[in-house]
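# Structure at a glance
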Amino acid sequence: MVATAGDSQAAWAIALRADLEALPAEQRRRLRSLQPSGPASLRADDSGSDRAPLLDLASNDYLGLACHPRIQHAAATAIGRDGVGAGASRLVSGSRPVHAELEQALGQWLGRQRVLLFPSGFQANLAAVQALADRHTLVLADRLIHHSLLVGVKASGARLQRFAHNNLDELQRRLEQARRDQPQRRLLVLSESLFSMEGTSPDVGHLAQLCARYGAALLLDEAHALGVLGPEGRGLGHGHGDVSLISGTFGKAFGSGGAFLAGDALVGDWLLQHSGPFRYTTALAPPLAAAALAALEWIAAEPQRSTALLERARRWRDRLEACGWPRPEGDGPILPLLVGSEQRALALQQQLEQAGLLCVAIRPPTVPAGRARLRLVLRHDLPSGSLERLLAALGKP
Ligand SMILES: Cc1ncc(COP(=O)(O)O)c(C=O)c1O
């Protein structure tokens, strides 16, 4: 029997329904609207207008720039000058002076020859992997890398091997084996400078050295580190020339949206000439480019903010540990409080919200079973007394 259009529609609907029905109730996600309501606070639409806003311990706006007047003013001015959207791809008629200005300023700040902007970090990662890998390439990726990088590997057709999180000995064994098997093969290593669910960082200097020794390209996702970690917030890849390509996003410490790739002139030119995710997409909206430029100027002028944030992160880790909680790994502004079961993580999230604190439970499948956690995120504009509020709301471990 020949399938009709109606039958094939039914087939996709049946497949989607089956997937949704197989999803355990506790893993069903829902969207919740939250309205910024003063520094580091958000008001939930479902909590009643008489409830106090929630202290934001969940967003990645590490430097509090999303609602900073200077950044808002830069975006508003760009809307007046350039319009809201760019109206076309960078290669058609969408390039504005603010794009070139931002690319040059970032290149200078990061010490990289070429920077190209993308509408999102997801897209930038896709482009980056496609630039550095083809179907003959072997990709060696940290087990916990971001989903967008895995999608990039799939799109490139490369073969994928994963190494245990931040385990550079295992990476070295795999690189050695790969070189022994095929001395001329293209190799690509993927890692992040601050892992968003773990709060951990690799030894980037050692990682870059290993890649250079075995002739592997290195793509470092600096999404969570830029503005916060490394010399004056320039990321952990800063000063390591052996990092082939850096990806960064403006959606976190920069407080807006959009992203970039930074590398040498060769990879920059390849991306410009060949990258589908760069060529076939509307250019980054001018107000976002202007906001990112203003954020960059702010970050470059006030490096002491990131130092103060890291100092606060160390104090929070010390106090949590002193109160009997497992010390959150790493030393950046992401503090994962490991609590074990999914139920306990959800109960603690609710308990904190009752006390006016917004902090999200991260559960399987985002993290392995038995390693559910509260993901505490620190930011520069938290009011004093926030740590005491948190400790009181958490109660005894
Ligand atoms: C490590 C990492 N890389 C890339 C991205 C994607 O960035 P964007 O939000 O700009 O798409 C994210 C954000 O979720 C991320 O956490």
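The present account deals with the structure reproduced in this document. Residue positions are given per chain, counted from 1 along the sequence in the order it is written. Side-chain atom pairs in this predicted model are given and counted only at pLDDT of 80 or more, local residue features only at pLDDT of at least 70, and totals for whole chains, interfaces and linings cover all residues. Side-chain metrics rest on all non-hydrogen atoms present in the structure, leaving aside hydrogens and water.

### Considering the site of the ligand
It suffices for a single heavy atom of a residue to lie within 4 Å of a molecule or strand for the residue to be listed as near it. Around the ligand, the neighbouring residues are S120, G121, F122, N125, H146, E192, D221, A223, H224, T249 and K252. We define a polar contact as two N or O atoms separated by no more than 3.5 Å, with the added condition that, inside protein, one atom must be a possible hydrogen donor and the other a possible acceptor, whereas residues neighbouring each other in sequence contribute only through side-chain atom pairs. Taking G121, its main chain carries an N or O atom lying 2.7 Å from an oxygen atom of the ligand. D221 is positioned such that a nitrogen or oxygen atom in its side chain is 2.6 Å from a nitrogen atom of the ligand. Per-residue and other accessible areas were derived by the Shrake-Rupley procedure at a 1.4 Å probe size, with only the shown protein chains allowed to occlude residues. Protein chains bury 79% of the 390 Å² of accessible surface belonging to the ligand in isolation. The numbering of helices and of strands both runs from the N terminus, where a helix is a DSSP run of H or I of at least 4 residues and a strand a run of E of at least 2. Per element, the largest residue contribution to the shell around the ligand is three residues, and it comes from helix α5 (residues 121-132). Under the scheme applied, nonpolar residues are Ala, Val, Leu, Ile, Met, Phe, Trp, Tyr, Cys and Pro; charged residues are Asp, Glu, Lys and Arg; polar residues are all the others, including Gly. Of the residues assigned to the shell around the ligand, the class counts are two nonpolar, six polar and three charged.

### Description of the sheet that holds strand β1 (residues 34-36)
For two strands to pair, DSSP has to find at least two bridges joining them. The four strands are arranged β1-β2-β3-β12 in an open sheet whose pairing can be described as mixed. Taken across any chain shown, the strands that pair with only one partner, and hence form the sheet edges, are β1 and β12 (357-358).

### Let's talk about the sheet that holds strand β10 (residues 259-263)
An order of β4-β10-β9-β8-β7-β5-β6 is seen for the seven strands of this open sheet, with the pairing classed as mixed. A single partner strand is all that each edge strand has here, and the edge strands are β4 (114-118) and β6 (159-163). For this sheet the average axis-to-axis angle between neighbouring strands, irrespective of direction, equals 20 degrees. Pairing of β4 with β10 involves five bridges; the strand directions are antiparallel. Bridging across to β10, F118 finds its partner in A259. Sheet strands in contact with α5 are β4, β7 (187-192), β8 (217-221), β9 (245-249) and β10, and its direction is about 30 degrees off that of β10. Docked against the sheet, helix α9 (residues 265-274) engages β4, β9 and β10, running at close to 35 degrees with respect to β4. Axes here mean lines fitted to C-alpha atoms, for a helix over just the part in contact, with angles spanning 0 to 180 degrees between N-to-C directions. Whether two residues touch is decided by their heavy atoms; if any such pair falls within 4.5 Å, the residues are in contact.

### Digging into the pairing of β8
Consecutive residues of a regular strand have side chains that alternate between opposite faces of the sheet. For β8, the tally of buried residues reaches five of five residues, placing the bulk of the element in the interior. Residue exposure (1.4 Å probe, protein chains only): buried if accessible area is under 20% of the type maximum, exposed if over 50%, otherwise partly exposed. Residue alternation in β8 divides its side chains into two sets, A217, L219 and D221 and L218 and L220, and both sets are buried. Alignment of β7 against β8, held across five bridges, turns out to be parallel. Bridged to E192 within β8 is D221. One crossover worth recording links β7 to the parallel β8 by way of helix α8 (residues 204-213), and it is right-handed. In terms of strand pairing, β8 meets β9 through three bridges, oriented parallel. The residue bridging L220 from the neighbouring strand is I246, located in β9. When the strands point away from the viewer, a crossover counts as right-handed if the path from the first strand over the helix to the second runs clockwise.

### A few points about helix α4 (residues 97-110)
Compared with the 20 Å implied by 1.5 Å per residue over 14 residues, the 20 Å span of α4 between its first and last C-alpha is a close match. Restricting attention to buried positions, one finds in α4 the residues V98, H99, L102, E103, L106, G107, W109 and L110. Relative to the axis of α4, the buried residues are bounded by an arc of 165 degrees and lie together on one face. Facing away from the buried surface of α4 by more than 90 degrees, the exposed residues are P97, Q104 and Q108. Against the buried residues of α4 lie α2 (69-82), α3 (90-94), β4, β10 and α11 (286-301). Looking one or two residues past α4, G111 carries a phi angle of roughly 70 degrees, positive in sign. Helix span, expected: 1.5 Å multiplied by one less than the number of residues in the helix. Comment: arc refers to directions from the helix axis out to C-beta atoms.

### A closer look at the packing of helix α7 (residues 168-181) against α8
Closest axis-to-axis distance for the α7/α8 pair is 10 Å, and the angle between their directions is 5 degrees. The angle between α7 and α8 falls in the class roughly parallel. Facing α7, whose interface residues are L168, L171, Q172 and L175, α8 presents H206, L207, L210 and R213. Counted by class, the contact of α7 with α8 contains five nonpolar, two polar and one charged residues. Put simply, angles under 35 degrees are roughly parallel, angles over 145 are roughly antiparallel, angles from 65 to 115 are roughly perpendicular, and the rest are oblique.

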